[in-house]
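# Report on the structure
Chain by chain, the residues run as shown.
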Amino acid sequence: MTTLSSIALSPTCIPPEDEALRAEVRAFLQEGTRDLPAHVRARSWGGYDTAFSRRIGAKGWIGLTLPPEYGGGGRSAFARYVLVEEYLNAGAPVGSHWIADRQSAPLILKYGTEAQKRFHIPRICRGESFFCIGMSEPNAGSDLASVRTRAEPNDKGWLLNGQKIWTTNAHHCQYMIALVRTSGGAEDRHKGLSQVIVDLSLPGVTVRPIEDLSGDSHFCEVFFDNVQLGADALIGKEGQGWEQVTAELAFERSGPERLFSSIVLFDQWLQFVRLPANRTPSAIRLAGKVLTQLAPLRAMSVSVQAKLTRGESPIIEAALVKELGTTLEQAIPAEIAQDLFSRTVEDIPVELLMTLKYVTEASPSFSLRGGTRDILRGMIARGLGLR
């Protein structure tokens, strides 16, 4: 049984050599995002801009932690953490390469064949090749163990049939890493699951964007109808998919993106309330409330990065950061709205209202993407030995 002491996080500082990267990145992003209004910057890791991703790639800021022999930077996870913090705080449109950099390339590096590494990782690092994640399915919710999409072996490799949903930017990506059944049935739960790399340009693949409350269409549903994959599509070992995907989720759930999805809005609001005419006791209390929650959450997130750097798999700790972080992310637009609409609306900048509108409409997804709140709370309770 896991105990509270066994998932304790030790205070960790970002090493000076990695912290030194911050000034260069910040200066580059200030120039690169100067003409983007706040309501656009608020999309950040959901924002799609392939030209910007190629510029980042040319600077060596994609695949920063990956080995140089595959086109990476050979830096530590802390260096990438600094990059990600600055991307999010600036509201840089990094969504096109985000998943490939955060999850797909590290997964291929850890489990892929040498041919898979040589083919995919350099293209990811250059900002040329984009990946999406094929985990969620209709009627499965956040219960990944009940996936029904199947890859059946045949003389050409694997024949893929099924459906994925809530797949971010699938309509813009060249590849998907999909969790599929290669043996058994849904009743077998974790057994018989594998991961495959799917070329989304293959015959039989259909991608349909889903419009969300904000009017964006970055979520998609993806259909596979007798899609023929090569034998080299399998990543890792057959039947090892559950182990691989849970390790992958530690990267997805623990980063700054689980803390800073509302940060552009918060910064815009702070600029507004710093003006003497707008500085009220309730606004000062709200600013303090957010900052006193954000600081320990960031410290927890950095500590999870330390565990990942040591080669550990802090699945429960990452789930805890994600659950607490997204709760704060959702509270920020709600409480800012309460503050602003207690004032005279005519005195509020239009850009601040537009940013609030977008973040408010997007915020319900914060506790869904990367694992729903109820699932994460169950994992945390189980990790603490409470269930």
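What you see is a predicted model; the values in this text were computed from it and never measured.

By the definition in use, this model includes 7 aromatic pairs. Seen in terms of ring centroids, Trp166 and Phe219 are 5.8 Å apart; in terms of plane orientation they differ by 80 degrees. Their pairing is edge-to-face. Placement of Trp166 in the loop between strand S3 (157-164) and strand S4 (175-181) and of Phe219 in strand S7 (residues 219-230) is noted, with a sequence separation of 53 residues between them. The rings of Phe28, Phe52 and Trp61 are connected pair by pair, giving a single aromatic cluster. Positioned over the ring face of Tyr358 is Arg43, at 4.0 Å from the centre of the ring. Its guanidinium or amino end placed over the ring of Trp61, Lys59 lies 5.0 Å from that ring's centre, counting from NZ or CZ.

Formed by 82 residues in total, the largest nonpolar core has its most connected members in Trp61, Tyr87, Trp269 and Ile336. With 11 residues, helix H10 (residues 281-309) is the single largest residue contributor to this core. Beyond its immediate stretch of four places on either side in the chain, Trp61 contacts Leu21, Glu24, Val25, Phe28, Ile56, Leu83 and Tyr87. One finds Ala170, Ala178, Val205 and Val227 within the second-largest nonpolar core, a separate group that totals 21 residues.

Turning to the domain arrangement of the protein, a few remarks are in order. We note that the domain assignment places domain 1 (16-129), domain 2 (133-239) and domain 3 (255-384) within the protein. Of the residues lining the interface, 18 residues belong to domain 1; the matching set on domain 3 comes to 22 residues. Of the roughly 1800 Å² buried at the junction of domain 1 and domain 3 (both faces included), carbon and sulfur atoms supply 63%. The tally of links between domain 1 and domain 3 comes to 1 salt bridge. The partner of Arg298 in a salt bridge is Glu85, with the nearest N and O atoms 2.5 Å apart. Run the count over domain 1 and domain 3 and you get 6 residue pairs in polar contact (both at pLDDT 80 or more). Mapped by element, the contributors of at least two residues to the side of domain 1 that touches domain 3 are helix H3 (38-41), helix H5 (77-90) and helix H6 (95-111). Among the elements that make up the side of domain 1 that touches domain 3, the one with the highest residue count is H5 (7 residues). Grouping the amino acids of the side of domain 1 that touches domain 3 by side-chain chemistry returns 10 nonpolar, 3 polar and 5 charged.

Right, let's talk about the packing of helix H11 (residues 315-340) against helix H12 (residues 350-362) for a bit. In the contact formed by H11 and H12, the axes pass within 10 Å of each other and the chain directions differ by 145 degrees. Of the two possible hands of crossing, H11 and H12 adopt the one that is left-handed. Packed against H11, whose contacting residues are Pro333, Ile336, Ala337 and Leu340, the element H12 presents Leu352, Leu356, Val359 and Thr360 at the interface. Of the residues belonging to the contact of H11 with H12, the class tally is 7 nonpolar, 1 polar and no charged.

What follows deals with the pattern of salt bridges. Enumeration according to the criterion identifies 18 salt bridges in this entry. Glu86 is the partner of Arg26 in a salt bridge, and the nearest nitrogen-oxygen pair spans 2.8 Å. One end of the pair, Arg26, is in helix H2 (residues 21-32); the other, Glu86, is in helix H5, with 60 residues separating them in the sequence. The partner of Arg126 in a salt bridge is Glu128, and the shortest N-O contact between them spans 3.1 Å. Ionic contacts of the salt-bridge type, sharing partners, join the residues Glu19, Arg22, Arg26, Glu85, Glu86 and Arg298 into one network.

Extensive coverage of strand S5 (residues 193-199) is indicated by the burial of 6 of its 7 residues. Inspection of the sheet shows S4 paired to S5 by 7 bridges, in the antiparallel sense. Directly across from Met176, in S5, lies its bridge partner Val198. Note: S5 against strand S8 (residues 234-235), 2 bridges, orientation antiparallel. From the neighbouring strand, Val196 faces S8, where its bridge partner is Leu234.

Attention shifts here to the pairing of strand S1 (residues 131-134). Along S1, one buried face is formed by Phe131 and Ile133 and the opposite face, lined by Cys132 and Gly134, is buried too. Both S1 and S4 contribute to a ladder of 4 bridges, which runs parallel. The partner of Ile133 across the bridge, within S4, is Ile177.

Calculation criteria
Residues numbered from 1 in each chain as written. Predicted model: local features only at pLDDT ≥ 70, side-chain atom pairs only at ≥ 80, totals over all residues. Heavy atoms only, no water. Phe/Tyr/Trp six-rings, centres within 6.5 Å; stacked < 30°, edge-to-face > 60°. Helix = DSSP H or I, 4+ residues; strand = E, 2+ residues; numbered from the N terminus. Lys NZ or Arg CZ within 6 Å of the ring centre and 35° of its normal. Core = buried A, V, L, I, M, F, W, Y, C linked by side-chain atoms within 4.5 Å. Buried < 20%, exposed > 50% of the residue type's maximum accessible area, 1.4 Å probe, protein only. Contact = heavy atoms within 4.5 Å. Domains from an automatic or database assignment. Buried area = accessible area lost by both parts, 1.4 Å probe. Salt bridge = Lys/Arg side-chain N within 4 Å of Asp/Glu carboxyl O. Polar contact = N/O pair within 3.5 Å; in protein donor to acceptor, adjacent residues only side chain to side chain. Nonpolar A, V, L, I, M, F, W, Y, C, P; charged D, E, K, R; others polar. Axes fitted to C-alpha atoms, helices over the stretch in contact; angles between N-to-C directions. Left-handed = near helix turned anticlockwise from the far one by under 90°. Pairing = 2+ DSSP bridges.

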